[in-house]
Amino acid sequence: MAITQPSQNAQQDDYPVAASLTVLVTRDADGDLQEGVRARLDAVECVVSVDRVDVSGLRPALNDMRVDLDAALRVSGPPDAESVADALEAGFGVKEVREVSMA
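Heads up: these notes are all about the structure in this document.

1. Considerations on the side chain of Asp68
Next up, step 1: Structurally, the position occupied by Asp68 is in strand 3 (residues 64-76).
Next up, step 2: Only 2.6 Å separates the side chain of Asp68 from the side chain of Thr22, close enough to count as a polar contact.
Next up, step 3: Of the polar contacts made by the side chain of Asp68, one reaches the side chain of Arg59; its length is 3.3 Å.
Next up, step 4: When residues no more than four places from it in sequence are discounted, the contact partners of Asp68 are Leu21, Thr22, Asp54, Val55, Ser56, Gly57, Arg59 and Arg98.

2. Quick notes on the pattern of salt bridges
Next up, step 1: Taken as a whole and assessed by the stated rule, the structure comprises five salt bridges.
Next up, step 2: The closest approach of N and O atoms between Asp68 and Arg98, which form a salt bridge, is 3.8 Å. You can see Asp68 sitting in strand 3 and its partner Arg98 sitting in strand 4 (residues 94-102), a full 30 residues away along the chain.
Next up, step 3: A relative accessible area of 37% means that Arg98 is categorised as partly exposed.
Next up, step 4: Here Arg98 and Glu96 are joined by a salt bridge, their closest N and O atoms 3.8 Å apart.
Next up, step 5: When salt bridges with common partners are traced through the structure, they connect Arg59, Asp68, Glu96 and Arg98 into a single cluster.

3. Here's the deal with the sheet that holds strand 4
Next up, step 1: An order of 2-3-1-4 is seen for the four strands of this open sheet, with the pairing classed as antiparallel. Whereas interior strands pair on both sides, the edge strands pair on one side only; in this sheet they are strand 2 (47-60) and strand 4. Sheet twist, expressed as the average angle between the axes of neighbouring strands with direction ignored, equals 20°.
Next up, step 2: In this fold helix 1 (residues 33-42) packs onto strand 1 (14-26), strand 2 and strand 3, with an angle of close to 130° to the strand it touches most, strand 2.
Next up, step 3: In the packing of helix 2 (residues 81-89) onto the sheet, the strands contacted are strand 1, strand 2, strand 3 and strand 4, and the crossing angle to strand 4 comes to about 160°.

4. A closer look at the environment of Pro79
Next up, step 1: Tracing the backbone shows Pro79 in the loop between strand 3 and helix 2.
Next up, step 2: For the pair Pro79 and Pro16, spaced 63 residues apart in sequence, the C-alpha separation works out to 9.2 Å.
Next up, step 3: Among residues more than four places away in sequence, those in contact with Pro79 are Tyr15, Val84 and Met102.

5. A short note on a negative patch on the surface
Next up, step 1: Together, Asp28, Asp30, Asp32 and Glu35 line one region of the surface with negative charge.
Next up, step 2: Note on placement: Asp30 falls in the loop between strand 1 and helix 1.

6. Some thoughts on the side chain of Asp14
Next up, step 1: Along the chain, the position of Asp14 falls in strand 1.
Next up, step 2: The exposure class of Asp14 is buried, given its relative accessible area of 14%.

7. Comments concerning the environment of Leu69
Next up, step 1: Positionally, Leu69 belongs in strand 3.
Next up, step 2: Since its relative accessible area comes to 0%, Leu69 is described here as buried.
Next up, step 3: Sequence separation between Leu69 and Val37 is 32 residues; the distance between their C-alpha atoms is 8.9 Å.
Next up, step 4: If near-sequence neighbours (up to four positions away) are discounted, Leu69 is found in contact with Ala19, Ser20, Leu21, Val23, Val37, Leu41, Val53, Asp54, Val55, Ser56 and Arg98.

Rules used throughout
Residues numbered from 1 in each chain as written. Predicted model: local features only at pLDDT ≥ 70, side-chain atom pairs only at ≥ 80, totals over all residues. Heavy atoms only, no water. Helix = DSSP H or I, 4+ residues; strand = E, 2+ residues; numbered from the N terminus. Polar contact = N/O pair within 3.5 Å; in protein donor to acceptor, adjacent residues only side chain to side chain. Contact = heavy atoms within 4.5 Å. Salt bridge = Lys/Arg side-chain N within 4 Å of Asp/Glu carboxyl O. Buried < 20%, exposed > 50% of the residue type's maximum accessible area, 1.4 Å probe, protein only. Pairing = 2+ DSSP bridges. Axes fitted to C-alpha atoms, helices over the stretch in contact; angles between N-to-C directions. Patch = residues over 30% accessible without salt bridge, like charges linked within 9 Å, V, L, I, M, F, W, Y side chains within 5 Å. Areas by Shrake-Rupley, 256 points an atom, 1.4 Å probe, with all protein chains shown as cover. Lys, Arg positive; Asp, Glu negative; His and termini not counted. Charge placed at Lys NZ, Arg CZ, Asp CG, Glu CD.

Next comes the structure, spelled out in structure tokens:
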């Protein structure tokens, strides 16, 4: 089994993205709302890091909270807005992706 070395351009292998989306955060999640949103976005496969989250709306439900937000993310792979939106929507707890733009 071969051991691969990390890319020398590891810092350059991710790309900044701005996204407007809705995520579901469970009411009993650890931490505050911001931490819950960050944890939900960090769990999406293509997301390398969550740089900023601006909550713009909140709708409580019985077991979770529907959070509307704008986020600055870093994603892996050569992105285009459509593929990033598809990858975000495939993430658990991501309800809706309204807009994605390459920052």
